[in-house]
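# Structural overview for review
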Amino acid sequence: MKNKKKLLLQSTFLLFLIVGTIIIVRQQHNTPYQKDTGFIFGTVYNITYQSDDNLKSSIEAELHKVDNSLSPFNKQSVISKINRNESSDTDRMFTEVFSLAQKISEETDGAFDITVAPLVNVWGFGFKNDTQPTVHVIDSLRQLVGFDKISLTDGKVKKDDPRIMLDCSAIAKGYACDVVAAFLKKKGIENFMVEIGGEIVTQGINSERLPWKIGVTKPVDDSLNTNQELQTVLNVTNKAMATSGNYRNFYYKNGKKYAHTIDPKTGRPVQHNILSATVLAGNCATADAYATAFMVMGLDKAKTILDKHPELMAYFIYSDSNGNNAVWYSPSMRNKIIK
């Protein structure tokens, strides 16, 4: 009798479990995917998420919070006021990014450095400049670069020299992706892809009930961003991905090509062999910063960093000794490559 009662209870529980699962699956199938597109941080964003409600206005409110904290092009942002020495006060977002940037700068021996702003600006990126810097100018600006020249204490930034400027462009888009992803999770959304200027965070499945697949474009000179030829396709489900490359952001001066990635130590555009660095990490701010750092470091030094950080995955397209494009990727990246 006891066994029959126990069996009946187990059967009833199993039935409820099956029915509940069917209801949840049906709801997931019936819930539409929203697709929002807009413009932020001087670039385009594309956000896809499964929800009955369209959350574009709320998502853009989150993005504007990041812009008001970290954008050097927003004159009223926290970072702009700090750069103009009008204020030393920070907010939560600035503090989080500053702390992460400082950590990654230490890990990469200064290859990633948000104090590089004066050099970026004088070379003609960020705030356009038509004159090529002289050796004297570069050497003088290098004295203003380095995390050892700034500190953050009790919510205030202290500079050793008032001419020091900060530029979070190589980490802010990734951080913004993380902010939007956290917002969507808080709303109970399980399936989404957040993409801002090529930096990406995904979770769950896409509208076709498949893992999120992201292409890595071939590194050919493409300042107008019209090239769509893919080098590879990666499974980026439940991961963050960032790509840095000099093939889309550069300019020519007197017949010579200058890349947008500046080496903080030399004060000049990098001349290393990596053409494109794609990094997968647990969060997009980290992936964004390391992708930039690897462009500065070059292939051999980047491999050394990856050996120390098995939580990171990287896919590099580089120029070999014969000038041909070649590929190297972390062993852990192998099962992420779809084609």
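We now turn to the structure provided with this report. (Residues numbered from 1 in each chain as written. Predicted model: local features only at pLDDT ≥ 70, side-chain atom pairs only at ≥ 80, totals over all residues. Heavy atoms only, no water.)

## Describing the sheet that holds strand β9 (residues 240-245)
Spatially, the eight strands line up as an open sheet ordered β1-β2-β5-β6-β9-β12-β13-β14, and their pairing is antiparallel. Of all the strands in the sheet, just β1 (33-40) and β14 (325-329) have a single pairing partner and so form its edges. Each adjacent strand pair in this sheet contributes to an overall mean axis angle of 10 degrees, direction not counted. In terms of strand pairing, strand β12 (residues 274-281) meets strand β13 (residues 313-319) through six bridges, oriented antiparallel. Paired with alanine 277 across the two strands is phenylalanine 316, which belongs to β13. Across the face of the sheet, helix α7 (residues 169-186) comes into contact with β2 (43-50), β5 (192-196) and β6 (199-203) while running at roughly 155 degrees to β5. (Pairing = 2+ DSSP bridges. Helix = DSSP H or I, 4+ residues; strand = E, 2+ residues; numbered from the N terminus. Axes fitted to C-alpha atoms, helices over the stretch in contact; angles between N-to-C directions. Contact = heavy atoms within 4.5 Å.)

## Some remarks on the nonpolar core
Core analysis: the biggest nonpolar cluster contains 79 residues, and Ile59, Phe94, Leu184, Phe294 and Phe316 have the highest contact counts within it. The element contributing the most residues to this core is helix α8 (residues 284-297), with 11 residues. Ranked by size, the runner-up nonpolar core spans 14 residues in total, among them Ile200, Trp212, Ile214 and Leu280. (Core = buried A, V, L, I, M, F, W, Y, C linked by side-chain atoms within 4.5 Å. Buried < 20%, exposed > 50% of the residue type's maximum accessible area, 1.4 Å probe, protein only.)

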